[in-house]
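Coordinate inspection notes
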Amino acid sequence: MADIESARATFGKFDVNGDGFVTAEEFKAAMAAMGDPFVTASVADAVIAAKDENGDGLLSFDEFWASLNK
């Protein structure tokens, strides 16, 4: 099981605008900022879709936390 405070800090790196959700574009930009410029828009879409439990196209902290604890 992941540490929730570490998970919140990590989620915050992806949630650039601080609205509580990570979009595919935010994910792509954060990965590039962390040194992975090879995450394309389609890869980012796929990653978000794989963890997006309610199908709204956004990754909430709860969905992120659930994915860490699978």
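Source: prediction; values computed, not measured.

1. Comments concerning helix α1 (residues 4-14)
Here α1 has its buried residues at A7, F11 and F14. Buried residues of α1, seen end-on, are gathered within an arc of 50° and therefore sit on one face of the element. Opposite the packed face of α1, turned more than 90 degrees from it, sit the exposed residues E5 and K13. The inward-facing, buried residues of α1 abut β1 (21-22), α2 (24-33), β2 (59-60) and α4 (61-68).

2. Description of the nonpolar core
Judged by nonpolar contacts, the single largest core of 14 residues is most densely connected at F11, F14, V22, F27, I48, L59 and F64. Broken down by secondary-structure element, the contributors of at least two residues to this core are α1, α2, α3 (41-51) and α4. The element contributing the most residues to this core is α2, with four residues. I48 has contacts with V22, T23, A24, F27, G57, L58 and L59, leaving out every residue within four places of it along the chain.

3. Thoughts on the packing of aromatic side chains
Aromatic rings considered in pairs are described by the distance between their centres and by the relative angle of their planes. Tallying each qualifying case throughout the model produces five aromatic pairs. Relative to W65, the ring of F61 lies with its centre 6.3 Å away and its plane at 15°, an arrangement referred to as stacked. You can see F61 and its partner W65 sitting in helix α4, four residues apart, about one turn around the helix. Among the aromatic residues, those joined into a cluster by ring pairs are F11, F61, F64 and W65. The ring of F61 carries R8 above its face, with NZ or CZ at 4.5 Å from the centroid.

Cut-offs used in this document
- Residues numbered from 1 in each chain as written.
- Predicted model: local features only at pLDDT ≥ 70, side-chain atom pairs only at ≥ 80, totals over all residues.
- Heavy atoms only, no water.
- Buried < 20%, exposed > 50% of the residue type's maximum accessible area, 1.4 Å probe, protein only.
- Helix = DSSP H or I, 4+ residues; strand = E, 2+ residues; numbered from the N terminus.
- Arc of directions from axis to C-beta.
- Contact = heavy atoms within 4.5 Å.
- Core = buried A, V, L, I, M, F, W, Y, C linked by side-chain atoms within 4.5 Å.
- Phe/Tyr/Trp six-rings, centres within 6.5 Å; stacked < 30°, edge-to-face > 60°.
- Lys NZ or Arg CZ within 6 Å of the ring centre and 35° of its normal.

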